[in-house]
Amino acid sequence: MRTPVLNQTTIVLLALVVVISILLGVLRNTVDMDPVDFERDAQLGAELFEDQGCFRCHFTDSTETRIGPGLKGLFDMEALPVSDKPVTEENVKNQILDPVGDMPSYEDRMSEEELDQIIFFLKTL
Ligand code: HEC
């Protein structure tokens, strides 16, 4: 009588261990993947910032004005430096597509994905 019961318990325990390992593995992957993607997108955004010429008018390491306002800490600011609008992804994208002031528009020059990458990059400043 004892042996089969033990065996059943062992099987249930082993099954539990397997299920928990799978769940943990899945969890670890989900948790790990986000920062990796974020970093990759931010890196691509940094390249776009160069390629699209944003750097010509905006410092990234200060809030001093170059031609436009410096963008260091943009997403920590209380408001966007020129328009005074709330610092949201939406408003920054609008600035890029339909800018206030003398900034050129990037409408038709950037895909939705590239806009997201620029935003990711700006968030790291
Ligand atoms: C030719 C110069 C120039 C280029 C290139 C440029 N900007 Fe600007 N940008 C400006 C100016 C000028 C302003 C401020 C508007 C004003 O004072 O008329 C501005 C404002 C901004 C603001 C603040 C908007 C606000 O509401 O306060 C952000 C954010 C911004 N630019 C991001 C970018 C990004 C991202 C790029 C590249 C995709 C870029 N800019 C390219 C000149 C430029």
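Residues numbered from 1 in each chain as written. Predicted model: local features only at pLDDT ≥ 70, side-chain atom pairs only at ≥ 80, totals over all residues. Heavy atoms only, no water.

With that settled, consider the coordination of the iron atom of the ligand. Protein-derived coordination of the iron atom of the ligand comes from His58 (NE2) and Met103 (SD), at a distance range of 1.9 to 2.1 Å. Note on His58: relative accessible area 13%, which makes it buried. Residue classification places Met103 among the partly exposed positions, given a relative accessible area of 22%. (Donors = N, O, S within 2.8 Å, 3.2 Å for Na, K, Ca; no water. Buried < 20%, exposed > 50% of the residue type's maximum accessible area, 1.4 Å probe, protein only.)

Lining the immediate surroundings of the ligand are 23 residues, of which Cys54, Cys57, His58, Ser83 and Met103 lie closest. The backbone of Pro81 places a nitrogen or oxygen atom 3.4 Å from an oxygen atom of the ligand. Looking at the shell around the ligand, the elements that each hand over two or more residues are helix H2 (54–57) and helix H3 (89–97). Along the lines of polarity and charge, the residues of the shell around the ligand split into 16 nonpolar, six polar and one charged. (Near = heavy atom within 4 Å. Polar contact = N/O pair within 3.5 Å; in protein donor to acceptor, adjacent residues only side chain to side chain. Helix = DSSP H or I, 4+ residues; strand = E, 2+ residues; numbered from the N terminus. Nonpolar A, V, L, I, M, F, W, Y, C, P; charged D, E, K, R; others polar.)

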